[in-house]
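# Examining the three-dimensional arrangement
Chain by chain, the residues:
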Amino acid sequence: MKNRTRAQESSNAIERLYIAMRHLFSRGFYKPMGASGETLRSSLLLLRPEIYGSIAGEQVELKGLVYVLDRLPKGIEECTYVDLTADEGYKHSHFQVIIPKKRRRNCFRIDINQMNIEVTRGRSEIYDILTHLTFLYIESHKIRRRVWLQKDRQMLHEWEQLEKVVLHNKELSKDEREVLLVHLGSILGRSYSEVKEAYQSFAEPDNQERFAEIIYWLGKLAIEEAKENGQKRTIKFSPDLRDSIGHHIYGDIWASKIKKVLYEHDLLDRPIHIISANMHSVMNTLYAPAALPEQAAANQSFDLYHLLSDDHNEELRRLVKEYAAKNGLYYIKDTSGTNINVQLIDTAKIDLTSWGFTNNQGKKPVLIVMDYAFGEQAYETMDELLKPYKHSKSKRILMPVESVSIMGKAGILEGSKGDIMIPTAHVFEGTADNYPFKNQLRKADFDDSDIPVIKGTMISVLGTSLQNKDILQFFHNSTWKVIGLEMEGAHYQKAIQAASKIRGNIAKRVKVRYAYYASDNPLKTGSTLASGGLGTSGVKPTYTITHKILQQIFTQTQNL
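Because the structure is predicted, anything quoted here is derived from the model rather than measured.

Reading the values: the criteria
- Residues numbered from 1 in each chain as written.
- Predicted model: local features only at pLDDT ≥ 70, side-chain atom pairs only at ≥ 80, totals over all residues.
- Heavy atoms only, no water.
- Pairing = 2+ DSSP bridges.
- Helix = DSSP H or I, 4+ residues; strand = E, 2+ residues; numbered from the N terminus.
- Contact = heavy atoms within 4.5 Å.
- 1 Å grid on protein atoms, 1.4 Å probe; cavity = no way out; pocket = protein on both sides within 12 Å on 5 of 7 lines; lining within 4 Å.
- Points joined across faces, edges and corners; volume = space filled by probe spheres on them.
- Nonpolar A, V, L, I, M, F, W, Y, C, P; charged D, E, K, R; others polar.
- Buried < 20%, exposed > 50% of the residue type's maximum accessible area, 1.4 Å probe, protein only.
- Core = buried A, V, L, I, M, F, W, Y, C linked by side-chain atoms within 4.5 Å.
- Expected span 1.5 Å × (residues − 1).
- Axes fitted to C-alpha atoms, helices over the stretch in contact; angles between N-to-C directions.
- Parallel < 35°, antiparallel > 145°, perpendicular 65-115°, else oblique.
- Left-handed = near helix turned anticlockwise from the far one by under 90°.
- Phe/Tyr/Trp six-rings, centres within 6.5 Å; stacked < 30°, edge-to-face > 60°.
- Lys NZ or Arg CZ within 6 Å of the ring centre and 35° of its normal.
- Lys, Arg positive; Asp, Glu negative; His and termini not counted.
- Salt bridge = Lys/Arg side-chain N within 4 Å of Asp/Glu carboxyl O.
- Polar contact = N/O pair within 3.5 Å; in protein donor to acceptor, adjacent residues only side chain to side chain.

### A word on the sheet that holds strand 5 (residues 114-118)
Spatially, the 6 strands line up as an open sheet ordered 1-8-2-5-4-3, and their pairing is mixed. Among the strands making up the open sheet, the edge pair consists of strand 1 (29-30) and strand 3 (97-98). Where strand 2 (residues 81-85) and strand 5 come together, 5 bridges link them in parallel fashion. If you follow D83 over to strand 5, its bridge partner there is N116.

Structure representation (structure tokens):
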């Protein structure tokens, strides 16, 4: 029997992970550190994804811990029970909504032992949560093994000192905190400087010791699990969630509201251009120069957008939003549960001459700017958005969509953070499904920019958090010649092709534009998502892509 390569083993581990998660979802509940969670744990340890760092080592992985807890609800480390639910009305109860720092999802602390997480973005969100929780629990048992001398039934001295700080909610002096950092280093198997960096990452204005609390509760629950007849952490899936997955319930509600607003403002007889992007770059590009004339005069090129991206300039951002609202921008805050907000922009109400944009069409275009979808949710939302508007039982209005533009962040496999990728096709990971397309954005369009641009195939992965160097090098070095990875491209293209070439919901010759800027290079040490975001270095590629998309929308004659 031939020896399998590390890339083949990794691919097999990803497949086992997804099969196991689908099985557990159908089952309705499982215990992550019990027999039912064994496949998830063993597959993740075999895979050793870059985002989870030293998950397979003895030391506790700190950067991975920061990454994961930024995407899970605060306090989840204290909970024995985690329930994944559909939107079942908790927001109308007395429970306070908890929204993770870097992932928009509604979560509710039911009691001291239970956290509920609303899942409204499809299977990709379930997979994301389960893999993050599996990592978290694996790390918790590393802590347990280091502090609980199971044979002697004794606790490490350092653990006892940590417990005193956490349970007594003690306010520490600088000297006392440094002593605690030394103790944490022993508990985690990490250096003083590594622990101090993590400590500062978790510190909050009203709770400087949050990192100590997280480590204590992770270890505490792992110790309880290891005791004979101890309480095991459990993950459950509500019946409503299991019934709703795959039925486009939230996508239908979301898309119907958008079309209703378009109809109410008499915009459904105008050429529509859909842009999947963030909620600031299109708005700022079109409105900021006019809304902030003094700042625009003093800040040339991308400096104005750097100014608007500064955390301290909330007042400037408010002025742009107010100006936009008076000049053709309609903001649709999501209430469907998709967590995808939308801006409708009537360009007939904007003076575009300051940007040098012209319009070759008789009817001024309407822009639908939708916030980022998540994984498989991209198919659900785009599929529903491209369907005709049902005004009444007898009246259906086709969506006059002339182009769909997708701008997003992606991992790059040749290049650095901030570079731009222009895909020519999307390949769906784990299958041979591939979606070649004619991209209206070309590499040559960016010749006037000093940003490096790479063109080629991109892979839509099942989860960015599951990729390791071996499988990414295979994607890059094989005949697939993959230049980058993201989670939505294939799903968007599947919906666009079905609507235009099969179902006849939109014009066959609809134009598509895809461009991504690199948020990380997972093949480079220190350049993964866990190493931190782009910060203000993402401003230039974001607005460069935005300008190119708008330039094409306003200057290309549509011959559909």
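### What to know about the environment of N505
In this structure, N505 sits in the loop between helix 17 (489-502) and strand 20 (511-520). Measuring from C-alpha to C-alpha, the distance between N505 and K236 comes to 39 Å, with 269 residues separating the pair along the chain. Setting aside anything within four residues of it in sequence, one finds N505 in contact with L386, K387, P388, L398, M399 and A499.

### Points about the environment of K469
Within the element layout of this structure, K469 appears in helix 16 (residues 469-477). The spatial distance from the C-alpha of K469 to the C-alpha of L47 is 9.9 Å, given a sequence separation of 422 residues.

### Let's talk about empty space enclosed by the protein
In total, this model carries 1 cavity of 30 Å³ or more according to the counting rule given. Of the residues in the lining of the largest cavity, the class split is 4 nonpolar, 3 polar and 1 charged.

### Looking at the pairing of strand 18 (residues 453-460)
Burial runs high along strand 18: 7 of the 8 residues are buried. Taken together, the 8 bridges between strand 16 (residues 420-428) and strand 18 define a ladder with parallel strand orientation. Residue pairing across strands places M421 opposite I454, the latter belonging to strand 18. As paired strands, strand 18 and strand 19 (residues 482-486) are joined by 4 bridges and run parallel to one another. From the neighbouring strand, M458 faces strand 19, where its bridge partner is G484.

### A few points about the nonpolar core
With 88 residues, the main nonpolar core has L84, L136, L162 and F211 as its most contacted residues. It is helix 4 (residues 123-147) that provides the largest number of residues to this core, a total of 11 residues. Excluding anything up to four places from it in sequence, L84 contacts I117, V119, I126, I129, L130, K236, F237, S238 and L241. Core analysis: the next-biggest nonpolar cluster, separate from the first, contains 45 residues, Y389, I483, I506 and V510 among them.

### Focus on helix 6 (residues 174-188)
For helix 6, with 15 residues, the first-to-last C-alpha span of 21 Å sits near the 21 Å given by 1.5 Å per residue. The set of residues buried in helix 6 consists of L180, L181, H183, L184, G185, I187 and L188. In this structure, the buried residues of helix 6 make contact with helix 3 (62-69), helix 4, helix 5 (157-167), helix 7 (192-202) and helix 8 (210-226). Of the residues one or two after helix 6, G189 is the one with positive phi, at around 70°.

### Structural notes on the environment of T546
The topology assignment puts T546 in helix 18 (residues 539-555). In this structure T546 comes out as buried when scored by relative accessible area, which is 2%. For T546, the contacting residues outside a window of four places in its chain are S281, V282, T285 and M407.

### Some thoughts on the layout of surface pockets
Size it by volume and the second largest pocket reaches roughly 510 Å³. For the lining of the second largest pocket, the secondary-structure elements that each account for two or more residues are helix 1 (6-27), strand 16 and helix 16. It is helix 1 that provides the largest number of residues to the lining of the second largest pocket, a total of 8 residues. Classifying every residue of the lining of the second largest pocket gives 15 nonpolar, 4 polar and 4 charged.

### Section: the packing of helix 5 against helix 6
The contact between helix 5 and helix 6 brings their axes to 9 Å, and the two run at 130°. Our classification of the angle between helix 5 and helix 6 gives oblique. The two elements helix 5 and helix 6 cross, and the hand of that crossing is left-handed. Touching H157, E158, W159, Q161, L162 and V165 of helix 5 are L180, H183, L184, S186 and I187, all from helix 6. Its residues placed into classes, the contact of helix 5 with helix 6 shows 6 nonpolar, 4 polar and 1 charged.

### Here we look at the packing of aromatic side chains
As enumerated under the stated definition, the model contains 14 aromatic pairs in all. Ring geometry for W159 against Y216: centres 5.1 Å apart, planes inclined by 20°, an arrangement best described as stacked. Here the residue W159 occupies a position in helix 5, and Y216 occupies one in helix 8, the gap between them amounting to 57 residues. For the pair shown, W159 and Y216 are each scored as buried. The rings of Y90, F95 and F108 are connected pair by pair, giving a single aromatic cluster. Lying over the aromatic face of Y67, R71 brings its terminal NZ or CZ to 3.7 Å of the ring centre. Across the ring face of Y379, the terminal group of K494 is positioned such that the distance to the ring centre comes to 4.7 Å.

### Quick notes on the side chain of R513
Looking at the secondary structure, you find R513 in strand 20. Buried within the structure, R513 lacks any salt-bridge partner; D445 is the closest side chain of opposite charge, at an N-O distance of 7.8 Å. A polar side-chain atom of R513 sits 3.0 Å from a polar atom in the side chain of S403.

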